[in-house]
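# Descriptive analysis of the structure
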Amino acid sequence: FLELEQDYQRQEFRRRFWELRDPYPRTTRNELREQWHRRWKEASERWDDPRDGRFRTYLLHGPPAERIDPRCGGALRAVEVWTYPGSILLAQSFSLVFVPEQGDRYRIWSPREGLSSLALLAGPVARGDQALVRRLRAECIRGDRLLGPILGALDWPSLEERILDAVQPDPEWAAAFRVRSTSLPEEAQTFTAELDLRFPRRHQSRTVVQALLSVSSSSVESVTTEAGTRFDLVLDGEVLRRETLFESFRYRFEIPRDRLAGGKIPLVFERYLRPGDYRLILRVRDIHGDRYFRESKRVSVPLVTDFRPLEPTSLPGPKFDRRREEAEASVEIYPPPEELQTGLVRIGAQVRGGEVDRVRFDLDGEPVLSKGSPPWEVELDLGRAPRLHRVRAVALDRTGEPVASDEIALNAGPHRFTVRLVQPRPRLDLPEELRARAAVEVPRGARLDRVELYLDETRLATLYQPPFVQELPPPPDREMSYVRAVAYLESGASAEDLVFLRAPENLEELDVQVVELYTTVVDRRGRPVRDLGEEDFRILEDGREQEILRFAWVEDVPLHAGILLDTSNSMTEEIDEAERAALGFFREILTPRDRAGVITFADRPRLRVPFTNRIDVLAGGLANLEVDGETALYDSLIYALYYFSGIEGKRLLVLISDGEDVESEYDIEETLEFARRTGVAIYPIGLGLDPSDQQARTGLLRLASETGGRAFFVDRAAGLGRVYRDIEREIRSQYLLTYQSDGRDPERFRKVRIEVDEPGLEARTIEGYYP
């Protein structure tokens, strides 16, 4: 922070600092920041020096439940003792002892210093010395009340670094922030470049700013690899409005030398800005020559009401002219809503360029409606039951031939991660430069790191923020050529899309269906069996044996776990114990690689805690739950399964309810159908169910058996701890079997069965899946 040179950079650093620490990022508030500033104000009113141990403790743990000022005559120094029932950093109760350091300043005492260090008169008294303890008990007012917290004081100085490191964001963000600065290093060598700005059209309510930065190839260094010689340049930019950072961006360009014209390296990028006055700051770094270009330029962005015909630029490389802008049509469907969609839903698309006569909308492969004029919108009937749908928008020319298309998934869940190449369109064969446009869907709570654009296998540009639009050179003159986009999350997860520009006529695209089965094998007593080999298993899909491609024991595979907790009126007597048991389950099951979430429900579901691996956040979401309303079990279960959608790997949902469904719109059959499409293992726990209520029990048993889970029934919430231990042992004792399906029908439910050769053993997994 202190290394930053500009006020707007420091302001942005502060914003990012708190953004990374926001415990509930989807709300408009940052609860941690508000709490921190409130505590800082309160601590400042009590102590003048922030270096005081009491000041720091108040910031980290808040006010103590009890503050003890010992009155011990001449036996004890002027110490303070604070006690806590727990804090956001420590779940258990603890006490801290503060001793004078300098003047009025105190520090936290460590039990390693020995009890004698607290005595007013120094002497060879060891910690725990019975004579000193007896003296404190005799001479201190309320001595017995004082001795407990002192003798059991927490050694915070030895724990602080480890505990705080566990809740800090990855420190790499700060290094990345500094690297992306537009400031120049001291004594940096520089080179020159020419900047050309154009404002060709609108994008929604903003004006498109096209920039072409032309760099002489003789002023920067190249690198030669097996793939050829290329230039590597990184462009960092900042846009200031009223001297406040409006946006920052970064691009990395890898440009082959053989693609240059006239000895100029064209760096092209686009930004979307509202009409007004800005300051644009650009810095380009030559990676191999370690030289820099920097320019700060005042820019007045006009209000563009229509496409502006422009004179072609004289610079080499991409040309900003109307013919290129209108040469290729593109269609991009507006991002779908995150909520679960049923019934009538309005879908819209944006159409750019080209000779588009009509736009046809398809639902699950079937044409629904064509429109001949904007707005390009359609109302689709998704039916009553929730399920995954695919919507496709196809732009047609006057002859009815497709000229552009886009496709999205509805009800794919908030954690879906995809990248789609909206431009260029397949089988494009233009002799001029290409425009690549990618649309990215980022999972809820995740952060996009970058999007890489390739022409064939040559990476040409890396974009670190939207819009993901980039000019590319002409495709090589050969039989097969393609554009590829690869998106990466900060976590390292990736997604990609590919569009063929040229391809042989007989080229076919094959959709390979790889199925993963997390499988529990138990003996006749229900105990997990761990010592089986691949040869002991057979996989049958619709009765046909499948070849096992991968076999593994997956005791430590990353896990996404959720608890769906009933908070209806009938849970009044059990809710406190249910809260404690759920938190205990999370403490036992979660590793640093796992994530867990909490959803509560009565007459409707409520997401209490999004997926996280922080126990303190989960504890906060489970604390002081209100009990009210009737039970909408199946509606809430569908919502929870939808929330899991889009997540890959091992997933389980623990459902806790003490009554049958009385409020849901959906029934058991519709819920099971949706569950089959999500692939989440459900572990229902019937809490206090009447033994005669066979309908409710049968529903819970079906939810478990058809999703690869297991059902439990307990009389009281006190029995939940045992059930959670059984679930934890089972999910950490599973086999992973992977196979490539030989099925061909993309719509039909495929039944799956796993057989184990050894007698007396039972294999539990999903009963089937939808491709």
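Residues numbered from 1 in each chain as written. Predicted model: local features only at pLDDT ≥ 70, side-chain atom pairs only at ≥ 80, totals over all residues. Heavy atoms only, no water.

## Brief notes about the overall build of the protein chain
Counting its secondary structure elements, the protein chain contains 14 helices and 41 strands. Projected onto its principal axes, the C-alpha positions of the protein chain cover 95 × 75 × 50 Å. Counting across all 771 residues of the protein chain, residues that qualify as buried make up 51%. Sequence separation of 24 or more characterises 67% of the internal contacts of the protein chain that already satisfy a separation of 6 or more. As presented, the protein chain carries roughly 37,700 Å² of accessible surface, and 45% of it is formed by carbon and sulfur atoms. (Helix = DSSP H or I, 4+ residues; strand = E, 2+ residues; numbered from the N terminus. Buried < 20%, exposed > 50% of the residue type's maximum accessible area, 1.4 Å probe, protein only. Contact = heavy atoms within 4.5 Å. Areas by Shrake-Rupley, 256 points an atom, 1.4 Å probe, with all protein chains shown as cover.)

## Here's the deal with empty space enclosed by the protein
Using the criterion set out here, one finds four cavities of 30 Å³ or more in the structure. Counted as a void, the largest cavity has a volume near 90 Å³. As for the largest cavity, its lining consists of Leu197, Val209, Ala211, Val239, Phe249, Phe269, Arg271, Leu273, Tyr278, Leu280 and Val299. Contributing elements (two or more residues each) for the lining of the largest cavity: β7 (206-216), β11 (264-273) and β12 (276-286). (1 Å grid on protein atoms, 1.4 Å probe; cavity = no way out; pocket = protein on both sides within 12 Å on 5 of 7 lines; lining within 4 Å. Points joined across faces, edges and corners; volume = space filled by probe spheres on them.)

## Observations concerning the sheet that holds strand β3 (residues 94-102)
Strand order in this open sheet of four strands is β1-β2-β3-β4, and the pairing throughout is antiparallel. Of all strands in the sheet, those bounded by a partner on one side alone are β1 (66-68) and β4 (105-108). Between one strand axis and the next, the sheet turns through 30 degrees on average, direction left out of account. Docked against the sheet, helix α3 (residues 53-61) engages β2 (80-84), β3 and β4, running at close to 5 degrees with respect to β2. (Pairing = 2+ DSSP bridges. Axes fitted to C-alpha atoms, helices over the stretch in contact; angles between N-to-C directions.)

## A short note on the pairing of strand β39 (residues 750-756)
Regular strands place their side chains on alternate faces of the sheet. Only one face of β39 is buried, namely the one carrying Arg750, Val752, Ile754 and Val756, since none of Lys751, Arg753 and Glu755 on the opposite face is buried. Bridge count between β39 and strand β41 (residues 768-769): two bridges; the pairing is antiparallel. Along β41, the bridge assignment pairs Lys751 with Gly768.

## What about α3?
For an α-helix, 3.6 residues make a turn, and residues three or four places apart therefore share a direction. Counting buried positions along α3 yields eight of nine residues, so the element is predominantly enclosed. Those residues of α3 that are buried are in contact with α2 (31-46), β2, β3, β4 and α6 (156-167). Sitting at the amino-terminal end of α3 is Asp52, which places a side-chain oxygen 2.8 Å from the backbone nitrogen of Arg54. Gly62 sits one or two residues past α3 and shows a positive phi near 85 degrees. (Polar contact = N/O pair within 3.5 Å; in protein donor to acceptor, adjacent residues only side chain to side chain.)

## Re helix α10 (residues 615-622)
Considered for burial, the residues of α10 that qualify are Asp616, Val617, Leu618, Gly621 and Leu622. Against α9 (575-589), β33 (595-601) and β34 (605-612) lie the buried residues of α10. Once α10 ends, the next one or two residues include Asn624, with phi positive near 55 degrees.

## Focus: the packing of helix α12 (residues 668-678) against helix α13 (residues 694-707)
One can describe the packing of α12 onto α13 by two numbers: an axis separation of 10 Å at closest approach and a directional angle of 20 degrees. Judged on the interaxial angle alone, α13 and α12 are roughly parallel. Note that α12 runs across α13; the crossing there is right-handed. On α13, the residues touching Ile668, Glu669, Thr671, Leu672, Ala675 and Arg676 of α12 are Gly699, Arg702, Leu703, Glu706 and Thr707. (Parallel < 35°, antiparallel > 145°, perpendicular 65-115°, else oblique. Left-handed = near helix turned anticlockwise from the far one by under 90°.)

## Looking at the confidence of the model for the protein chain
Here the protein chain averages 86 in pLDDT, and 93% of its residues register 70 or above. Here residues 122-128 is modelled with pLDDT under 50, and outside its nearest four sequence neighbours on either side it reaches 11 contacts, counting other chains as well. Here residues 307-326 is a poorly scored stretch, pLDDT under 50, and it has 55 contacts once near neighbours within four places are set aside; other chains count. (pLDDT = per-residue confidence, 0-100.)

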